[in-house]
Amino acid sequence: MATIEGLLGARPEPKTLYLLRPPQPGDMGWVVQRHGVIYAEEYQWDEQFEALVAGIVSKFIQKYDPKKERC
């Protein structure tokens with residue numbers, strides 16, 4: 001019964017807030033870097049994948065519309 005009371009009486013975990021904002025210097029480089037590291041660790045993908053991500057990020061930055069986009 002104590003377990004049930006503990007579960008039912010438990011307070012919900014606080015919600016994490018997220019802020020969508022315009023990109024700042026260094027943000028997109030971090031995105032490319034993290035993708036490269038994570039996919040290398042999880043899938044053993046090499047720098048070719050990182051280059052692909054860098055190309056996608058480059059196109060995003062070149063066509064970035066601050067009226068419509070955040071990150």
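Thresholds applied
Residues numbered from 1 in each chain as written. Predicted model: local features only at pLDDT ≥ 70, side-chain atom pairs only at ≥ 80, totals over all residues. Heavy atoms only, no water. Helix = DSSP H or I, 4+ residues; strand = E, 2+ residues; numbered from the N terminus. Expected span 1.5 Å × (residues − 1). Buried < 20%, exposed > 50% of the residue type's maximum accessible area, 1.4 Å probe, protein only. Arc of directions from axis to C-beta. Polar contact = N/O pair within 3.5 Å; in protein donor to acceptor, adjacent residues only side chain to side chain. Contact = heavy atoms within 4.5 Å. Phe/Tyr/Trp six-rings, centres within 6.5 Å; stacked < 30°, edge-to-face > 60°. Salt bridge = Lys/Arg side-chain N within 4 Å of Asp/Glu carboxyl O. Axes fitted to C-alpha atoms, helices over the stretch in contact; angles between N-to-C directions. Parallel < 35°, antiparallel > 145°, perpendicular 65-115°, else oblique. Left-handed = near helix turned anticlockwise from the far one by under 90°. Nonpolar A, V, L, I, M, F, W, Y, C, P; charged D, E, K, R; others polar.

Chemist: Just to check I follow, could you spell out helix H3 (residues 47-62) for this structure?
Modeler: The end-to-end C-alpha distance of H3, which contains 16 residues, comes to 22 Å, matching closely the 22 Å that a straight helix rising 1.5 Å per residue would cover. Inspection of H3 places Phe49, Val53 and Val57 among the buried residues, and these make up the whole buried set. Buried residues of H3 fall within an arc of 75° about the axis and therefore sit on the same side. For H3, the exposed residues lying more than 90 degrees away from the buried face are Glu47, Gln48, Lys59 and Gln62.

Chemist: I'm lost on the side chain of Asp27 in this one. Help?
Modeler: Its place among the elements puts Asp27 in helix H2 (residues 27-43). By relative accessible area, which is 18% here, Asp27 ends up buried. Of note is the side chain of Asp27, whose polar atom sits 2.7 Å from the backbone nitrogen of Gln24. When neighbours within four sequence positions are excluded, Asp27 is seen to be in contact with Arg21 and Pro22.

Chemist: Got a minute to help me understand the packing of aromatic side chains in this structure?
Modeler: The description of an aromatic ring pair uses the distance of the two centres, along with the angle that the planes make with each other. Taken as a whole and judged by the stated rule, the model has six aromatic pairs. Ring geometry for Trp45 against Phe49: centres 4.8 Å apart, planes inclined by 65°, an arrangement best described as edge-to-face. Given a relative accessible area of 41%, Trp45 falls into the partly exposed group.

Chemist: Please clarify how the pattern of salt bridges should be interpreted in this entry.
Modeler: A side chain of one charge can pair with a side chain of the opposite charge if their charged atoms are brought near each other. According to the stated counting rule, one finds one salt bridge in the structure shown. Of the charged contacts in the structure, one is a salt bridge between Asp27 and Arg21, with a shortest N-O distance of 2.6 Å. Residue classification places Arg21 among the partly exposed positions, given a relative accessible area of 27%.

Chemist: Please clarify how the packing of H2 against H3 should be interpreted in this entry.
Modeler: The geometry of a pair of packed helices is captured by two quantities: the angle between their axes and the separation between those axes. Close contact between H2 and H3 brings their axes to 9 Å; oriented N to C, the two are set at 155°. Between H2 and H3, the angle falls in the class roughly antiparallel. For the pair H2 and H3, the sense of crossing is right-handed. Facing H2, whose interface residues are Met28, Val31, Val32, Gln33, His35, Gly36 and Tyr39, H3 presents Phe49, Glu50, Val53, Ala54, Val57, Phe60 and Ile61. Of the residues that constitute the contact of H2 with H3, the class distribution is ten nonpolar, three polar and one charged.

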